[in-house]
Amino acid sequence: MRILGIDPGSQRTGVGIIDVDASGRIVHVHHQPIRLLVAENFALRLKVLLDELDALITRFAPQEVAIEKVFMARNPDSALKLGQARGAAMCAAVLRDLPIHEYAAKEVKLAVVGKGGADKQQVQYMMALLLNLNGKIQADAADALAVAVTHAHVRATAGRIGIPARQVWSRK
C-alpha cells in the first residue's frame, strides 16, 4: 500500500509518501515541501498546489491519501486560506479517485510521538527515527510523513480489529 500524506498550508504544503507492506513495515518513498509563494497571487498558489500534487500523484501512484484537518487559527483570513489550500489538495486526490482519510493534528502527534501536544521538532525527530532518514527533515514534509504514518497505523489497527479505518479514532 502506498500512502500520500499531506500537511496543507497556504505558503508551503508538506508532502510525504510511504509504502506499507503486509507485515506493517513502513518504508520512506519521498518527502518535500511544495513552496507556494512562487506564485504572484493566492489563486495562482492554489493552481501551483494542484499542479504539483497532480505531478506527484502521477509520478508515485499512491493508493490512498491522508490529510491533516484544519485547526482554528487566531486569524480568520489565515484559516480561510488554509481551508482553501486543503480543498485544493483534496481536489487533486479526488480527481484521481483516491480515497482520502483525515486526521487532526493532535491525533497525528499522539500517534507518532505519544502525546498530542508534541512540538514540530519532536515530530521531525520521530519521522527521521521511524523512517531511518539522515539529517533534519523540513517541518512541513515531516508533518506530512507523520500524517501518512498515522494512517498506516490506523489502517493496521482497523484491520486487526475488523472495523473501517475511519472508525478507529472514534472509539475512545
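Reading the values: rules and limits
Residues numbered from 1 in each chain as written. Predicted model: local features only at pLDDT ≥ 70, side-chain atom pairs only at ≥ 80, totals over all residues. Heavy atoms only, no water. Salt bridge = Lys/Arg side-chain N within 4 Å of Asp/Glu carboxyl O. Helix = DSSP H or I, 4+ residues; strand = E, 2+ residues; numbered from the N terminus. Buried < 20%, exposed > 50% of the residue type's maximum accessible area, 1.4 Å probe, protein only. Phe/Tyr/Trp six-rings, centres within 6.5 Å; stacked < 30°, edge-to-face > 60°. Lys NZ or Arg CZ within 6 Å of the ring centre and 35° of its normal. Pairing = 2+ DSSP bridges. Axes fitted to C-alpha atoms, helices over the stretch in contact; angles between N-to-C directions. Contact = heavy atoms within 4.5 Å. Core = buried A, V, L, I, M, F, W, Y, C linked by side-chain atoms within 4.5 Å. Lys, Arg positive; Asp, Glu negative; His and termini not counted. Parallel < 35°, antiparallel > 145°, perpendicular 65-115°, else oblique. Left-handed = near helix turned anticlockwise from the far one by under 90°. Nonpolar A, V, L, I, M, F, W, Y, C, P; charged D, E, K, R; others polar.

Visitor: I'd like a rundown of the pattern of salt bridges, residues and numbers included.
Guide: A side chain with one charge can pair with a side chain of the opposite charge if their charged atoms come near. Considering all chains together, one arrives at eight salt bridges under this definition. Across the pair R155 and E64 runs a salt bridge whose closest N-O atoms are separated by 3.1 Å. In this pair, R155 is assigned in helix α5 (residues 139-161) and E64 in strand β4 (residues 64-68), connecting sequence segments 91 residues apart. For D77, the salt bridge is made with K81, and the minimal N-O distance between the two is 3.5 Å. On the criterion of helical spacing, the pair formed by D77 and K81 is a turn pair, its members being four residues apart in helix α2 (residues 76-94). With a relative accessible area of 41%, D77 lands in the partly exposed category. Its relative accessible area of 27% is what places K81 among the partly exposed residues.

Visitor: So what about the packing of aromatic side chains? Which residues, and what values?
Guide: Applying the stated rule across the entire model yields zero aromatic pairs. Note that K81 overlies the ring of F42, its terminal NZ or CZ placed 5.6 Å from the centroid.

Visitor: Mind laying out unusual backbone geometry, listing which residues take part and the relevant values?
Guide: What is expected of a backbone is that most residues other than glycine have negative phi and most peptide bonds are trans. Positive phi, close to 60 degrees, is recorded for D97, a residue that is not glycine. Note on placement: D97 falls in the loop between α2 and β5 (100-103). Residue D97 is classed as exposed on the basis of its relative accessible area, which comes to 70%. Positive phi is not limited to glycine here, since N132 has a value of about 55 degrees. Relative to the helices and strands, N132 is located in the loop between α4 (120-130) and α5.

Visitor: Tell me what's going on with the sheet that holds β5, and back it up with residues and numbers.
Guide: With respect to topology, five strands assemble into an open sheet ordered β3-β2-β1-β4-β5, the strand pairing being mixed. Whereas interior strands pair on both sides, the edge strands pair on one side only; in this sheet they are β3 (26-35) and β5. Direction aside, the axes of adjacent strands within the sheet are offset by 20 degrees on average. Against the sheet, helix α1 (residues 42-60) engages β1 (2-7), β2 (12-20) and β3, with an angle of about 155 degrees to β3.

Visitor: Now, about the nonpolar core: what can you tell me, with residues and values included?
Guide: What tends to happen in soluble globular proteins is that the nonpolar side chains get buried as a cluster. Core analysis: the largest hydrophobic core is formed by 22 residues, its most contacted members being I3, I18, M127, L131, I137 and L145. Going through the elements one at a time, β2, α3 (105-112), α4 and α5 are the ones with two or more residues in this core. If you tally residues by element for this core, the top one is α5, at nine residues. Excluding its chain neighbours within four sequence positions, the residues that come into contact with L145 are G16, I17, I18, H28, H30, H31, M127, L131, L133 and I137. Core analysis: the second largest hydrophobic core is formed by 21 residues, L53, L56, I67 and A93 among them.

Visitor: Explain the side chain of D7 to me, and be specific about the residues and the numbers.
Guide: Relative to the helices and strands, D7 resides in strand β1. No salt bridge forms around the buried D7; measuring N to O, its nearest opposite-charge neighbour K120 is 4.6 Å away. When sequence neighbours within four positions are dropped, the list of residues in contact with D7 reads R12, T13, G14, E68, D140, D143 and A144.

Visitor: Please provide a residue-by-residue account of the packing of α1 against α2, values included.
Guide: Between two packed helices, both the angle of their axes relative to each other and the distance between the axes serve to describe the pair. One can describe the packing of α1 onto α2 by two numbers: an axis separation of 9 Å at closest approach and a directional angle of 30 degrees. Taken together, α1 and α2 sit at an angle that is classed as roughly parallel. Like other packed secondary-structure pairs, α1 and α2 cross with a definite hand, here right-handed. Taken together, the residues of α2 that come into contact with α1 (itself represented by F42, L46, L49, L50, L53 and I57) are K81, Q84, A85, A88, A89, C91, A92 and A93. Grouping the amino acids of the contact of α1 with α2 by side-chain chemistry returns 12 nonpolar, one polar and one charged.

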